[in-house]
Amino acid sequence: MIRPTKGKTPRRPAPKKPPSNQKDPVGVYCRVRPLGVEDEECCIEVISNTTIQLHAPDGLKANRNGEFKETQYSFKKVFGISTSQMELFEDVAKPLVDDLIHSKNGLLFTYGVTGSGKTFTMTGSPGQGGLLPRSLDMIFNSIGPYQAKRFVFKTDDKNGMEVQTQVDALLERQRRENQSSVPKTPSSKQRLDPEFADMINPEEACKAEGVDEDSSYSVFVSYIEIYNNYIYDLLEEAPFEPIRPKPPQSKILREDQNHNMYVAGCTEVEVKSTEEAFEVFWRGQKKRRIANTQLNRESSRSHSVFIIKLAQAPLDADGDNILQDKSQVNVSQLCLVDLAGSERTSRTRAEGSRLREAGNINQSLMTLRTCIEVLRENQMCGTNKMVPYRDSKVTHLFKNYFDGEGKVRMVVCVNPKADDYEETMLVMRFAEMTQEVEVARPVDRPICGFAAGRRQKNQAFKDELSRRLEERGGPLDGAPSVMNELLQSFPPLPACELLDPHDDVTLPRIIQVLEQRQRIRHRMTEEYHKAAKMMKSMLQELDSNLITKENFIHDQRGKLGEKDKIIQNQKAEMERLEKKAKMLEYKIDILQKTTNIYEEDKRSLQHELESREQKFLRELSEKKRMEARMQGMVSDTKQKWEKECERRVNAKQLEMQNKLWVKDEKLKQLKAIVTESKSERPEAPQRPSRERDRLPAKRSASPSPVPTAAPVRPLHRRSHSAGGERWVDHKPSSNVELDTVMQPILHNAIKVSTPSEKALSKCDKYVLTHQEVASDGEIQTKLIKGEVFKTRGGGQAVQFTDIETLKQELPSGPSRKRRSSEGKPAQENEHVEGDWTDVETRCSVALEMRAGSNMGPGYQHHGYPKRRKP
């Protein structure tokens, strides 16, 4: 017996991932901030643009012999104290922004000890804009001419994006303007906040290349913070209550239909310029939790996440409107994370809420390190351990990036002062471990099937149309064309009949009409020549465009040839990697065979364990069945002997009653002989007076002895089955043929082994021959009789009336007590008492029991009528 296993909840199918060979390591960069005091001791030295070296400060000996231990760490790139914000942006954030514009996700977060310059690296200061403002500036510089109007793209609150028509977007803009809730884009000369004034110099502005001009774009930003492992929306507009202000409500994480994590109910603001995005960012920055500690005057007490979401959709075939197809909308996002710094409470001397904040910050950073360690172990050792993303909101929110949904880059900020040496060592170890984690490369978005250059052609068509309308002096729809005007204004010819030779009116009128028609003809000819010249110029322009396109195609073919060479080199590299993969597969096969051997041993032992468990369960169930069977047998035996005792007691009582009654009859006969009353027949014997008060059920079933003077002929009761009715004789095939003298014989009967409606419809009586084992072990035959009658529905029904029993018994042994009549010869016509009371006289006698009677079989005799009281 196989033990049933508990059903498990089916797992959701995992999202499709790119092939495992397309992976990139996590890009880890290091930035060293300058010392606060020039004569302060420094423990970090930049050796090259990829390596730094840590020196143990004075007073801290790393080895037992008192020597200093120097440690070197390598990064993708190291930025020294003289690195500008622009140089950092060019190497770290610019590739992520370029991927964002090309529909790929990105994650950039700063990590380090408190006071190491993470917030400055991410946000910057006036004149020295950080990674965040420069990323926004690059986005709007790249997609500025191709932005859709406000509210054309609309979020669906499920991390998706919908496209509205121009009419719906216009109505939405009017409704928002009436509510005065849409922030207007500030001009370049007037900034909303002085702290963000002149963040980026115009000379440092950059722009992405290869932007799809045939698509429309829209930027949405959101700003959240993770404080004490709770998520809060920094852009949420809460109602102002001066008396009893309500605390901000935390948000929850959800998973969308593409298995990407997002913050449910988070405010997403559509922005149309860098200035407007700055204003939204600063509005949320004012709500961020910042406190003064011993190590940092403005220490971040929470992890902040600024999410830039870029929605883009292709234009239709005419290049005029956005394609109204939700499946063609691509949404990419760039998350800029400013992690709170790890700190030791012994140094910050935090208490109360500051102590609890520090504990939550350190716990979330520890969870991040644990996730990186498990990812590294799974990739390097081939294990499949579960990554504990859900232990912290930070790791749970960004787990999709580590699963291959975009590039991941980390900027490690370090402070070279000697007091942070131990914490910096831990940060360096974590950064070194993070570089060994590989993230799957995101796949490219599908290319739309429309022809390229639709927007440019549509704009050229509009410009040409406007130019022609200006040449004609008005819009095309406002006035009819010159050709239509001329055709409609042709003057009709007047009557040409001359009735009078002195008529001076008709000929001048005809001459006037012909001259007018001649002028109209000249105008039509000029219009035709003008249209021909225009057509010729258009054809020449098309030819020049065609030549330009052919040159462009030729250049593209040259580039394609270069790409083919690159592909060939990559194929050679792939062949080398395939050979290496085959070698690794050979090793994997050996390990797999070893694993299979252990699995076979495991399965055999598991099978043996299951067989023994099944055997134990079978023995246990057999034991329970035996116990139930023994209990049933005990109860059946108990009931059997209780019935047997009751039957024997009743039989003994009847036997004693018959003996007394026989003695009374003998006394009456003796009295009749003495009185010599031979002239008349003696009256019917009656029971003594002491027998009259007894119940009828306790009378003897034995026949009454016949008096010697006038013997009575016994009258046998005719069986119910001996009539002239038609019977259905139902004898099951399982019955056993007995060799008794008395056999139930029914004349004019239909014998069946299984009753049917057809047989019952032909008869009016029914009898069932039933056999069962009696209490003494002998087979007992019962004839269950009934009457057949028709039902209201047209069927047949049987109502049982009585039961006849045919029982065969063995004669009992001789009684030890001598009979009173033994030793005396029997007189003529004189019955002995034992003739009616012995068992031999009651054997093999057909008896009848009425349905519902309390008396058992053997208590009513067919041969003699019941005795009645005189």
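Before going into details, it helps to say that this report is about the structure given with it. (Residues numbered from 1 in each chain as written. Predicted model: local features only at pLDDT ≥ 70, side-chain atom pairs only at ≥ 80, totals over all residues. Heavy atoms only, no water.)

A word on the nonpolar core
Item 1. Core analysis: the largest hydrophobic core is formed by 56 residues, its most contacted members being Ile52, Phe75 and Phe398.
Item 2. Met122, Phe140, Ala277 and Val411 belong to the second largest nonpolar core, which has 44 residues in total. (Core = buried A, V, L, I, M, F, W, Y, C linked by side-chain atoms within 4.5 Å. Buried < 20%, exposed > 50% of the residue type's maximum accessible area, 1.4 Å probe, protein only.)

Points about the environment of valine 329
Item 1. Mapping valine 329 onto the fold places it in the loop between β20 (303–314) and β21 (330–338).
Item 2. Accessibility expressed as a relative area gives 12% for valine 329, which makes it buried.
Item 3. Setting aside anything within four residues of it in sequence, one finds valine 329 in contact with Phe153, Met161, Val163, Gln312 and Ala313. (Helix = DSSP H or I, 4+ residues; strand = E, 2+ residues; numbered from the N terminus. Contact = heavy atoms within 4.5 Å.)

Considering helix α4 (residues 131–143)
Item 1. Spanning 13 residues, α4 covers 19 Å between terminal C-alpha atoms, matching the ideal 18 Å at 1.5 Å per step.
Item 2. Most of α4 is tucked away, with 12 of its 13 residues classed as buried. (Expected span 1.5 Å × (residues − 1).)

Quick notes on the pattern of salt bridges
Item 1. In total, this model carries 29 salt bridges according to the counting rule given.
Item 2. Among the ionic pairs, glutamate 236 bridges to lysine 251, the shortest N-O distance being 3.4 Å. With glutamate 236 in the loop between β13 (230–233) and β14 (250–251) and lysine 251 in strand β14, this residue pair connects regions lying 15 residues apart in the sequence.
Item 3. For lysine 272, the salt bridge goes to glutamate 270, with nearest N and O atoms at 3.0 Å.
Item 4. Overall, the relative accessible area of 16% leaves lysine 272 in the buried class.
Item 5. Judged by relative accessible area, which is 7%, glutamate 270 ranks as buried.
Item 6. Taken together, the shared-partner salt bridges connect Glu172, Arg175 and Arg176 into one network. (Salt bridge = Lys/Arg side-chain N within 4 Å of Asp/Glu carboxyl O.)

Some words on the pairing of strand β27 (residues 779–790)
Item 1. In the sheet, strand β26 (residues 765–773) pairs with β27 via 9 bridges, with the strands oriented antiparallel. When the bridges of β27 are listed, glutamine 771 appears paired with threonine 781.
Item 2. The loop that links β26 with its antiparallel partner β27 comprises 5 residues; one of these, glycine 777, has a positive phi angle of about 95 degrees.
Item 3. In terms of strand pairing, β27 meets strand β28 (residues 796–807) through 11 bridges, oriented antiparallel. Looking across to β28, one finds that leucine 783 is bridged to glutamate 804.
Item 4. Here β27 hands over to β28 after 5 residues, with glycine 794 in that stretch at a positive phi of 95 degrees. (Pairing = 2+ DSSP bridges.)

Considerations on the environment of valine 412
Item 1. Within the secondary structure, valine 412 is located in strand β22 (residues 406–414).
Item 2. Among the residues examined, valine 412 registers a relative accessible area of 0% and is labelled buried.
Item 3. Counting along the chain gives 296 residues from valine 412 to serine 116, while the straight-line C-alpha distance between them is 9.0 Å.

Focus: helix α6 (residues 274–285)
Item 1. With 12 residues, α6 extends 16 Å between its outermost C-alpha atoms, agreeing within 8% with the 16 Å of an ideal straight helix rising 1.5 Å per residue.
Item 2. Within α6, 10 of the 12 residues are buried, which leaves it mostly tucked inside the rest of the structure.
Item 3. Of the positions making up α6, those classed as buried are Thr274, Glu275, Glu276, Ala277, Phe278, Val280, Phe281, Trp282, Gly284 and Gln285.
Item 4. Where the residues of α6 are buried, they touch α4, β12 (215–227), β17 (269–271) and β20.

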